[in-house]
Amino acid sequence: MDKNEFLNYRIKQESIIYSKSSINDPLASLVSVQFNITELCNRTCEFCPRIDSTVYPNKNLHMTVNTVDNITKDLNSINYIGRISLSGFGEPLLAKNFINIIKTVKKNLPNSIIDANTNGDHLGVEIINELYSAGIDILYVNLYDGPEQLEYFTDMFKNIKKDKYIFRPHWKNHDSSYNLILNNRGGTINNVITGVIQRPLKQQCYLPFSRAMIDYNGDLLLCSNDWSRKYIIGSLLETHIKDLWLCDRLKDIRVKLANYNRNTMPCNICNTNGTLTGKQSYNILMKYYEDTNQL
């Protein structure tokens, strides 16, 4: 699966979610919730901030099951049916209580698709069976080392249904961009691989309109590219997700982004093309702001 195939796959996922929701409900804009369940990773890829440990060091920090339980119960209360991704800034298989986190999400949000991205280094037949038994729906296995991994993981997943996993080739010589749509992670990486910007892009971004990024401590971040936590919306352990998703702090930056204004940190140093998905969420929220005289 190449990067464009995967993008189309994501667009199709979102279309299905939108089709089940009301366009007149501003909360229908939220189609993806990502949980940063651990701050540990066992790899240092050059397109990731972890390539420089002085910029982004490993930290033994993990999301608790209680945090996941509280937030997913709040999501259930707003009838959330979108995607749940248990992949954030680290390797999910290094997270404490990963199995119990999956079970908790499945219990509270039985109608959501639960997925996780892994580098596969800690996978084995036993852990794979445990993950699916706990309730995970899809595993994305990122193959960084070479084509020989395809045979290795194909054998490992031979008893798992084909629609329950996707292998994503990301080894260096497979594609000049690692078969990824690369960006500089909110300005935390500045190299020839991810790109460097000299001034804010005059470009819209739909990411804060459609996706929620939840940090290990329950904070709602601006988006999954804000690795430096420059724009924290608030704590979901203190405020219901409905109120944070529709709060003035998020509205203010959304309206700026709608007007091609990326002058707010971290958007001013970010080169993400945030218009590849999420246009319907953008339309839903901009209509809501207009109808409620918030523009």
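Conventions adopted
Residues numbered from 1 in each chain as written. Predicted model: local features only at pLDDT ≥ 70, side-chain atom pairs only at ≥ 80, totals over all residues. Heavy atoms only, no water. Axes fitted to C-alpha atoms, helices over the stretch in contact; angles between N-to-C directions. Helix = DSSP H or I, 4+ residues; strand = E, 2+ residues; numbered from the N terminus. Parallel < 35°, antiparallel > 145°, perpendicular 65-115°, else oblique. Contact = heavy atoms within 4.5 Å. Salt bridge = Lys/Arg side-chain N within 4 Å of Asp/Glu carboxyl O. Phe/Tyr/Trp six-rings, centres within 6.5 Å; stacked < 30°, edge-to-face > 60°. Buried < 20%, exposed > 50% of the residue type's maximum accessible area, 1.4 Å probe, protein only. Lys NZ or Arg CZ within 6 Å of the ring centre and 35° of its normal. Pairing = 2+ DSSP bridges. Core = buried A, V, L, I, M, F, W, Y, C linked by side-chain atoms within 4.5 Å.

K.L.:
How should the packing of helix H3 (residues 98–108) against helix H4 (residues 125–134) be read in this particular structure?
P.N.:
Each pair of packed helices can be summarised by the angle the axes make with each other and by the distance between the axes. Remark: H3 packs on H4, axes separated minimally by 8 Å, with the N-to-C direction vectors making an angle of 25 degrees. Compared by their axis directions, H3 and H4 come out roughly parallel. Along the contact surface, H3 presents Phe98, Ile99, Ile102, Lys103 and Lys106, while H4 presents Ile127, Glu130, Leu131 and Ala134.

K.L.:
Which parts of the structure should I look at to understand the pattern of salt bridges?
P.N.:
Pairing between side chains of opposite charge can happen when the charged atoms of each approach one another. Under the counting rule described, the total for this entry stands at 14 salt bridges. A salt bridge links lysine 287 to aspartate 291; its shortest N-O distance comes to 2.7 Å. Taken together, the positions of lysine 287 and aspartate 291, both in helix H9 (residues 279–291) and four residues apart, correspond to about one turn of that helix. A cluster of three or more residues bridged by salt bridges with shared partners is formed by Glu39, Asp215 and Arg229.

K.L.:
I would appreciate a short explanation of the environment of isoleucine 78 in the present structure.
P.N.:
You can see isoleucine 78 is positioned in the loop between helix H2 (65–77) and strand S2 (83–85). Residues isoleucine 78 and lysine 242, 164 residues apart in the sequence, show an inter-C-alpha distance of 7.3 Å. If near-sequence neighbours (up to four positions away) are discounted, isoleucine 78 is found in contact with Leu27, His240, Ile241 and Lys242.

K.L.:
What should I look at first to understand the packing of aromatic side chains in this one?
P.N.:
Pairs of aromatic rings are described using the distance from one ring centre to the other and the angle between the two planes. Scanning all chains against the criterion turns up 16 aromatic pairs. With 5.0 Å between their ring centres and 35 degrees between their planes, tyrosine 165 and phenylalanine 167 make a pair best called tilted. The exposure classification of tyrosine 165 matches that of phenylalanine 167, with both residues buried. Within the aromatic cluster, the residues linked to one another by ring pairs are Tyr152, Phe153, Phe157, Tyr165 and Phe167. Positioned above the aromatic ring of tyrosine 231 is the side chain of arginine 249, whose terminal nitrogen or guanidinium carbon lies 3.9 Å from the ring centre.

K.L.:
Hey, could you run me through the side chain of threonine 194 in this one?
P.N.:
For threonine 194, the location among the structural elements is in the loop between strand S5 (165–169) and helix H6 (207–210). Overall, the relative accessible area of 5% leaves threonine 194 in the buried class. Contact partners of threonine 194, with chain neighbours within four places excluded, come to Phe47, Asn183, Asn184, Ile189 and Asn271.

K.L.:
Mind showing me how you'd approach the pairing of strand S1 (residues 32–35) here?
P.N.:
Look at any regular strand and the pattern is simple: side chains alternate between the two faces of the sheet. Covered by surrounding structure in S1 are Ser32 and Gln34 together with Val33 and Phe35, the residues of both alternating faces. Relative to S2, S1 runs parallel, the two being bridged by three bridges. Each bridged residue has a counterpart across the sheet, and for valine 33 the counterpart in S2 is isoleucine 84.

K.L.:
Is there a simple way to explain the nonpolar core in this structure?
P.N.:
Proteins that are soluble and globular tend to have nonpolar side chains buried together. Within the largest apolar cluster, 66 residues are counted, with the highest numbers of intra-cluster contacts made by Phe35, Leu75, Ile84, Leu86 and Phe157. The next biggest cluster of nonpolar side chains, apart from the first, holds twelve residues, and it includes Cys45, Phe47, Tyr56 and Trp227.

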